[in-house]
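Inside the fold
Now for the letters of each chain:
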Amino acid sequence: MVRFLLSASCLALLPAARAVNLFPSSPLVQIGNDTDIFFDSSLALEVTDNLYSAAHAVSATSWTFTPGFALEHGKDSAFAISLTAKRGFVQYNKASLADLQDSRDSFSANFRFDDGGPLTFTLDSSYKITARNDDLAQQGVGTTVPLGANLLRQSNYNHNFEAIYKLTEKIKVTLGYTNTYNHYLNPVKYTENVTDTPSPPGTGNTGIKTSYNTNGLTELNTKTMPVEVAYQAFEKLSFGLKYQRDVTDYSPAPYYSQNTSTATPGLVTTVRPSGSYPRQLAKDFYGLTAKGDPTGAGKLTVTAKVGYATSQLDAAAASKNPSFSVNLQHSLTEKVNHSLSLSRDVSASSTGGTTSSKSYTYTVNFTATEDLGFNLSATKSDVLAGTTAVHTMVYNLGADYKYNPHLSFNFGYNFTDSKIPSAPTGNFQANVLTLSAAFRY
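To keep things clear, this report deals only with the structure shown in the data block. This one's a predicted model, so the numbers in the text were calculated from it and none came from an experiment.

Reading the values: the criteria
Residues numbered from 1 in each chain as written. Predicted model: local features only at pLDDT ≥ 70, side-chain atom pairs only at ≥ 80, totals over all residues. Heavy atoms only, no water. Helix = DSSP H or I, 4+ residues; strand = E, 2+ residues; numbered from the N terminus. Buried < 20%, exposed > 50% of the residue type's maximum accessible area, 1.4 Å probe, protein only. Contact = heavy atoms within 4.5 Å. Areas by Shrake-Rupley, 256 points an atom, 1.4 Å probe, with all protein chains shown as cover. Phe/Tyr/Trp six-rings, centres within 6.5 Å; stacked < 30°, edge-to-face > 60°. Lys NZ or Arg CZ within 6 Å of the ring centre and 35° of its normal. Polar contact = N/O pair within 3.5 Å; in protein donor to acceptor, adjacent residues only side chain to side chain.

Within the chain, the regular secondary structure consists of three helices and 24 strands. Buried positions account for 34% of the 441 residues belonging to the chain. Here the analysis covers contacts within the chain between residues at least 6 apart in sequence; of these, 57% occur between residues at least 24 apart. Looking at the chain as shown, the accessible area adds up to about 24100 Å², and 59% of this sits on carbon and sulfur atoms.

Let's shift gears to the packing of aromatic side chains. Scanning all chains against the criterion turns up twelve aromatic pairs. Among the aromatic residues, those joined into a ring-pair cluster are Phe39, Phe69, Phe439 and Tyr441. Residue placement shows lysine 305 over the ring face of phenylalanine 285; its charged tip is 5.0 Å from the ring centre.

Looking now at unusual backbone geometry. Even without being glycine, asparagine 186 reaches a positive phi, approximately 45 degrees. Tracing the backbone shows asparagine 186 in the loop between β9 (171-185) and β10 (189-195). Here aspartate 314, not a glycine, exhibits a phi torsion of approximately 55 degrees, which is positive. Counting through the fold element by element, aspartate 314 comes out in the loop between β17 (300-313) and β18 (319-331). Note on aspartate 314: relative accessible area 31%, which makes it partly exposed.

When you line up the elements, alanine 80 lands in strand β5 (residues 79-92). With relative accessibility at 9%, the residue alanine 80 sits in the buried group. Spatially, the C-alpha atom of alanine 80 lies 9.7 Å from that of threonine 35, the residues being 45 residues apart in sequence. Setting aside chain neighbours within four positions, we find alanine 80 in contact with His73, Gly74, Asn110, Phe111 and Arg112.

Before going further, it helps to examine the environment of aspartate 249. Its location among the elements puts aspartate 249 in strand β13 (residues 237-252). Of the residues examined, aspartate 249 reaches a relative accessible area of 27% and is grouped as partly exposed. Through-space distance from the C-alpha of aspartate 249 to that of glycine 352 is 9.8 Å; in sequence the pair is 103 residues apart. Within the local environment of aspartate 249, its side chain forms a polar contact with the side chain of glutamine 280, the two groups lying 2.7 Å apart.

This is how it looks when you write it as structure tokens:
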């Protein structure tokens, strides 16, 4: 806890330090004219009444201190590079939650090439450790897999490449490749005394069964390959044709239940997850795209992808479903803008099957001053994971204040209401309040 108090004190003293010029102008380190290195950190306080996103709520208060560094090279040149490396240290207010205190790494890299010619490309790569249950709970995972009183830790990887080639002044081709995958970390272990079914009676062997809360979960490795041809039909509006191929490989979480017989020393029976592995989901999307301002007045921006997708899990019959992603942004006044996002898709499920989801989000942003802004959003999602339907409403209220070019503050409130009609015991509500400060020097 001492390091958190020290960190908070340092953030509090920054304005005074700046006033007496204890620090030179940002960045922290400058190499030549093209490379800058920044100290990039944050300190956050989170208060929630439902830490595990479960029906039986557990309240918690946590502090997260995240120091890190960012490197920027060639910011205004044809070839630009940005790198970030951070580590978050998490502390909880209760001794009963001490086992959840940990550190979480995150790394990212971005490479961009744009010399003003017909070809531009970007390459992004990131790695991040998360510890949360709400994303899984909103898919109904808790009704089929007992997550337990633990935050499910995962390491998440994302690698993305995109190349855009301008064939003519009005026609361009976009090719891409994305690979995302996850691994589960440090699951909760349960032990219980068991007896094998006796055959004949009286011959059963006693033993200890060891189980993990990730036994019914799968790790997903998804490769996405989109191709799009776009035509600039009007000055501020373009249309296109898009094809996208997604292939997801399923792997059972690398922690299995085990039965150890005491009657036969050394005998261990491993109980692997049900279902056949390896499994694979293949999906093809065909559709139209639109991007730009259809009115030409500069107040409405549309980004849309509309079509249908065919998906096939292993040797099962292929299914066809409408698939779309539409985002509309509109400026009401100079200070107020709002947006509406709609989406529908089929994706791989963390329990080894498929998930069909629909999502609708409405957001309002208010810019009070140049340095102060507010936002309010509501999201409705309907998820069908196998035969389990989950209906979730999420409300967010936020405020951002930029004190100076180096220091900013954020306030956030989130309310989640998730319902599972077929299994009401999995319903849950959660309130989360977050206060944070970010420092970049």
